[in-house]
Amino acid sequence: MPAQPQVQVMGIDAGGTMTDTFFVREDGRFVVGKAQSNPADESLAIYHSSRDALAHWGREVDEVYPELLTCVYSGTAMLNRVVQRKGLDVGLMVNKGFEHVHSMGRAIQSYLGYALEERIHLNTHRYDEPLVPLARTRGVTERTDVQGTVVIPLREAEVRQATRELVEAGSQAIVICLLQSHKNGASEQRARDVCREELQRLGVELPVFASVDYYPQRKESHRMNTTILEAYAAEPSRQTLKKVSDRFRQHGAKFDLRVMATHGGTISWKAKELARTIVSGPIGGVIGAKLLGEALGDENIACSDIGGTSFDMALITKGSFAIASDPDMARLVLSLPLVTMDSVGAGAGSFVRLDPYSGAIKLGPDSAGYRVGTCWPESGLDTVSVSDCHVVLGYLNPDNFLGGAIKLDVQRAREHIQAQIAGPLGLGVEDAAAGVIELLDLQLREYLRSNVSAKGYSPTDFVCFSYGGAGPVHTYGYTEGLGFKDVVVPAWAAGFSAFGCACADFEYRYDKSVDLALSQLASAEQKGAAAATIQQAWSDLAAKVVEEFRINGFKPEDVILRPGYRMQYMGQLNDLEIDSPVAAAASAEDWDRIVEAFETTYGRVYASSARSPELGFSVTGAIMRGMVVTQKPVLPEDPIGEPTPPAEARIGTRRLYRHKQWHEAVIWRMEALRAGNEIVGPAIVESDATTFVVPQGFATTLDKHRLFHLRELARSGRQTH
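Note that residues are indexed from 1 along each chain, following the sequence as it is written. In keeping with the predicted nature of the model, local features appear solely for residues at pLDDT of at least 70, side-chain atom pairs appear and are counted solely at 80 or more, and the whole-chain, interface and lining totals rest on all residues. Water and hydrogen atoms play no part in the side-chain values, which are based on all heavy atoms of the structure.

Identification of the protein chain as Acetone carboxylase subunit beta from Rubrivivax gelatinosus is taken from an unreviewed UniProt entry.

Quick look at the structure:
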């Protein structure tokens, strides 16, 4: 038997419901694996998912792991730790008189994640418990003004006293965050050193986090929250990642595990700033969609990702995705660069209940997670989930869930739907289940449409990519009637976020606040000085980037540096992130090119007529990215064949309920379909990892890249059968 091509790349998406793995060979071929998530031991779920994937190639984990050149992890463990408040006991040191800053938070934190009807009523607002209570917060005397001048020097004796008190209060880590430290970090750095000296004198080993070392940016609430996250959640998550890395090592792996970061690049699990990986899974999908869009020639893409717990969407416009500099996550405002995404807590595992007052069906926000629903007898659940409705309606094959690894009980699901939904509403079980699916599809459709429209676009300008384990089950429902140019479902939709992780650059990124304002009529001397200020910030950040890569065994000459900045017209509230047109800034000409790149981007994002150079220009931040070259997946290219699928791809038929009647749907085996094949609904395309539903009135074609293109027959001028 000839030797198989080497497996080079692995991507991991450890979600709340399923753990997906994605392997790529040197010939560009890839395979997807799936296993139930295991919150107690993520490394075990990754191992089982790997075995599931590699079985398609007849390979074993112990022979493939040693071949791998690179592996990228993404997951939700850190975010879940914050949401569930299961982090370390952190101590906080701030300026005296500002001990309540973290507890007060920002007003927006009292209604983040609320629907509009709840946002507008003050009595529905609430603040979550702070990550650090007042009992473990201490103030020390120091004041630096807004220009960065130290007005009141740090009183070191108070730092030593605060350190002793925080240790006595049971702190497992100490965070130091002083006002204006982004302008002048001297006082905060001295407080850090004194704190470490005192801990050493006490004989206590505790990590100390100074905000200036991690996130030297304005907005103290954002900066404080993010540095606290570094201590509260990132350090425990590092232990999870170490466990994952250790299991790889046990099976002969030689690569250094990388993690998907919020800005769309990947960093080592040993990286200093691990809070940048707080949300990583959905971002992988956006990176993958960008790569696919480039291959297909599509610049405008609506990314939609449905898993068991949530629906995540992002927009790629003109080939680029937006990055927010101070986003929110888990009802906290943060100082992190984050790929702009919108998320709603509705997925295939969402619980379904009747509102006790109105009798209306309510979906989520809580979810069955990896336990699927009542249809899985071993789930221990007694509340109906969306998956129970899928099983009853014939969408899912109860004997092929996870490739048959777990068996689903249709009758059990019917009984729970009858008791909890259908009976109280006076409906048949099928109509109740169909109503749930239609309601979910409607919510997702409106969510998708409103997000596209709110940004000034029409769905007709976009191609919609649908992925995630549950994406292909709902694609027809939430895209119907919106008029997208094309609707694309990758054959590897279930592992698409893991695929995106494998596509991402090995990239570190550092940001720094800069306060720089210049008139349109500035002199050449003033422009040159402004360029020098930006260059100094870039140099400071470049040193940090190179140091991170050095920790991972790379030489400075291996690192490709890419400077950037955030800029706005003077007086405006929102800035834009720009990739610098110059590698270094030193002259008035460099400043002019920096301004020109901003104005070009501004005109593209808003409109050329909205540009306002007469206001002057304000640089608010400096950005430095560094990357090294890594192996990435190559899209498959199969020869185009006949429209009629091969006979061996047809598995049989199954009844599917929609629009108040049963339809006889043809079942197709996804892996056996060939490029060029066309399937007209009602049909269901099954693989071990996902199910693609093509109802009556729809058709789909498989292209050479193994991407399904879904279309509505009536709207494309074809007869509906």
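K.L.:
Looking at this model, I keep getting lost on the confidence of the model for the protein chain. Mind explaining?
P.N.:
A low pLDDT means the predicted coordinates there should not be read in detail. For the protein chain, the average pLDDT comes to 87, and 97% of its residues sit at 70 or higher. Note: pLDDT gives the predictor's confidence per residue, expressed from 0 to 100. Two residues form a contact once any of their heavy atoms are found within 4.5 Å. Scored below 50 in pLDDT, residues 716-721 makes 10 contacts in the model with residues more than four places away or belonging to other chains.

K.L.:
So what exactly am I meant to see when it comes to the nonpolar core here?
P.N.:
One recurring pattern in soluble globular proteins is that nonpolar side chains are buried together. Buried Ala, Val, Leu, Ile, Met, Phe, Trp, Tyr and Cys residues that are joined via side-chain atoms within 4.5 Å together make up what is termed a nonpolar core. For every residue, the accessible area (1.4 Å probe, protein chains only) is compared with the maximum for its type, and the residue is labelled buried under 20%, exposed over 50%, or partly exposed between those bounds. Phe23, Phe248 and Trp492 are the most contacted members of the largest nonpolar core, which totals 163 residues. Strands here are runs of E lasting at least two residues and helices are runs of H or I lasting at least four, both read from the DSSP assignment and numbered beginning at the N terminus. In terms of residues, this core owes the most to one element, helix H13 (residues 429-454), which gives 11 residues. Judged by nonpolar contacts, the second largest core, of 38 residues, contains Ala261, Ile534, Tyr602 and Ala622.

K.L.:
Would you take a moment to explain the packing of aromatic side chains for this structure?
P.N.:
Two numbers describe a pair of aromatic rings. These are the distance of the centres and the angle of the planes. Pairing of aromatic rings covers Phe, Tyr and the six-membered ring of Trp, with a centre-to-centre limit of 6.5 Å; geometry is then stacked below 30 degrees between planes, edge-to-face above 60, and tilted otherwise. A complete count under the given rule lists 28 aromatic pairs for this structure. When the centroid spacing of 6.3 Å and the interplanar angle of 85 degrees are considered together, the rings of Phe598 and Phe617 count as edge-to-face. Here Phe598 is found in helix H17 (residues 588-605), whereas its partner Phe617 is found in strand E28 (residues 617-628), with 19 residues between them in sequence. Taken as a pair, Phe598 and Phe617 share a single burial class, namely buried. A network of ring pairs unites the aromatic residues Phe22, Phe30, Tyr467, Trp492, Phe496 and Phe499 as a single cluster. Cation placement over rings: the criterion is NZ of Lys or CZ of Arg within 6 Å of the ring centroid and within 35° of the ring normal. In this structure, Arg276 is placed above the aromatic ring of Tyr510, and the distance from its NZ or CZ to the ring centre is 5.5 Å.

K.L.:
How should the pairing of strand E24 (residues 486-490) be read in this particular structure?
P.N.:
Looking along a regular strand, one sees the side chains alternate between the two faces of the sheet. Counting buried positions over the 5 residues of E24 gives 4, a clear majority of the element. Pairs of strands are assigned from DSSP output, requiring at least two bridges between the strands. Sheet topology note: the strand E23 (residues 463-467)/E24 ladder contains 3 bridges and is parallel. Paired with Cys464 across the strands is Val487, a residue of E24. Note on handedness: a clockwise path from strand one over the helix to strand two, with the strands aimed away from the viewer, defines a right-handed crossover. For the crossover from E23 across helix H14 (residues 471-479) to E24, the handedness is right-handed. Sheet topology note: the E24/strand E35 (residues 707-712) ladder contains 4 bridges and is antiparallel. The partner of Val488 across the bridge, within E35, is His709.

K.L.:
Is there a simple way to think about the sheet that holds strand E29 (residues 650-658) in this case?
P.N.:
Pairing between the strands of a sheet is mediated by backbone hydrogen bonds and can be parallel or antiparallel. Across the sheet, which stays open at both edges, the 4 strands sit in the order E29-E30-E32-E33 with mixed pairing between neighbours. Looking along the sheet, the strands with just one partner apiece sit at the ends: E29 and strand E33 (691-694). Direction aside, neighbouring strands of the sheet carry axes that sit 25 degrees apart on average. The pairing of strand E32 (residues 683-686) with E33 spans 4 bridges and is classified as antiparallel. Residue pairing for E33: Ala683 is matched across the bridge by Val694. Here an angle of 0 to 180 degrees is reported between the N-to-C directions of two axes, which are lines fitted to C-alpha atoms, with helices fitted over the stretch in contact.

K.L.:
Is there a simple way to explain the packing of helix H11 (residues 386-393) against H13 in this structure?
P.N.:
In a packed pair of helices, the relevant descriptors are the angle between the two axes and the axis-to-axis distance. Where H11 contacts H13, the two axes come as close as 9 Å, and the packing angle between them is 125 degrees. What the angle tells us is that H11 and H13 run oblique. As for the relative orientation of H11 and H13, their crossing is left-handed in sense. On H13, the residues touching Val386, Cys389, His390, Val392 and Leu393 of H11 are Val429, Glu430, Ala433, Ala434, Val436, Ile437 and Leu440. Each residue belonging to the contact of H11 with H13 can be placed in one class, and the counts come to 10 nonpolar, 1 polar and 1 charged. These descriptions rest on fixed angle ranges, namely under 35 degrees for roughly parallel, over 145 for roughly antiparallel, 65 to 115 for roughly perpendicular, and the rest for oblique. Note on convention: near helix rotated counterclockwise from far helix by under a right angle means a left-handed crossing. Clockwise means right-handed. As a working rule, the residues Ala, Val, Leu, Ile, Met, Phe, Trp, Tyr, Cys and Pro are called nonpolar, Asp, Glu, Lys and Arg charged, and the rest polar, with Gly in that last group.

K.L.:
I tried to follow the side chain of Arg276 on my own but got confused; where do I start?
P.N.:
Checked against the element boundaries, Arg276 lands in the loop between strand E12 (266-268) and helix H10 (281-296). For Arg276, a relative accessible area of 3% gives the class buried. Nitrogen and oxygen atoms within 3.5 Å of one another constitute a polar contact, given that in protein one can donate a hydrogen and the other can accept it, and given that sequence-neighbouring residues count only through two side-chain atoms. A distance of 3.1 Å separates the side chain of Arg276 from the backbone oxygen of Arg509, its partner in a polar contact. Sequence-distant contacts of Arg276, that is, excluding residues within four places in its chain, are made with Tyr215, Met260, Ala261, Thr262, His263, Ile267, Leu336, Pro337, Arg509, Tyr510 and Asp511.

K.L.:
Whenever I open this one, unusual backbone geometry confuses me. Can you help?
P.N.:
For residues that are not glycine, phi is negative in most cases, and the peptide bond is trans in most cases. Along the chain, Gly681 connects to Pro682 via a cis peptide bond; the corresponding omega equals 5 degrees. As for its placement among the helices and strands, Pro682 is situated in the loop between strand E31 (678-680) and E32. Even without glycine at this site, Lys660 takes up a positive phi of about 65 degrees. Here Lys660 is to be found in the loop between E29 and strand E30 (661-669). A relative accessible area of 64% places Lys660 in the exposed class.

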